[in-house]
Amino acid sequence: QVQFVESGGGLVQPGGSLRLSCAAPIRSFSMYTMGWYRQAPGKQRELVASITASGRANSVDSVKGRFTISRDNAKNTLYLQMNSLNTEDTANYYCNLFPLPQQPAWGQGTQVAVSS
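All values reported here derive from a predicted model rather than from experimental measurement. (Residues numbered from 1 in each chain as written. Predicted model: local features only at pLDDT ≥ 70, side-chain atom pairs only at ≥ 80, totals over all residues. Heavy atoms only, no water.)

Draft legend 1. Quick look at the pattern of salt bridges. One pass over the structure, following the stated rule, counts three salt bridges. A salt bridge links Glu 46 to Arg 38; the shortest N-O distance between them is 2.8 Å. Using a relative accessible area of 36% as the deciding quantity, one classes Glu 46 as partly exposed. For Asp 89, the salt bridge is made with Arg 66, and the minimal N-O distance between the two is 2.7 Å. On the criterion of sequence distance, the pair formed by Asp 89 in the loop between strand E8 (77-82) and strand E9 (91-97) and Arg 66 in the loop between strand E6 (57-59) and strand E7 (67-72) is long-range, its members being 23 residues apart. Side by side, Asp 89 and Arg 66 carry an identical accessibility label, which is buried. Within this structure, Arg 38, Glu 46, Arg 66 and Asp 89 form a network of salt bridges that share partners. (Salt bridge = Lys/Arg side-chain N within 4 Å of Asp/Glu carboxyl O. Buried < 20%, exposed > 50% of the residue type's maximum accessible area, 1.4 Å probe, protein only. Helix = DSSP H or I, 4+ residues; strand = E, 2+ residues; numbered from the N terminus.)

Right, dumping it as structure tokens:
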């Protein structure tokens, strides 16, 4: 079973930035559309951004212009650059395939806390 490994989270003040990384031990990683997801306390997990195999990126309206998803296929790694963070971005962040498989395997995620 695939085990994604997310890292880069932490505590940051409003307006700050973080760069998340996801190691994705998937054969033929470069062929898959990947996504970043997040789950805030008491809420359902939601898609934040996705990137196709060719590098076309999309993101949800709430993070447009602030978050940038990218990938390094040579390193099987997915990134999420997060700028202008606000308290509503506080969540545990995960990476996975997009769309999700029928029984997705989740890593532990990386915690992002935005607070003054």
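So, next bit.
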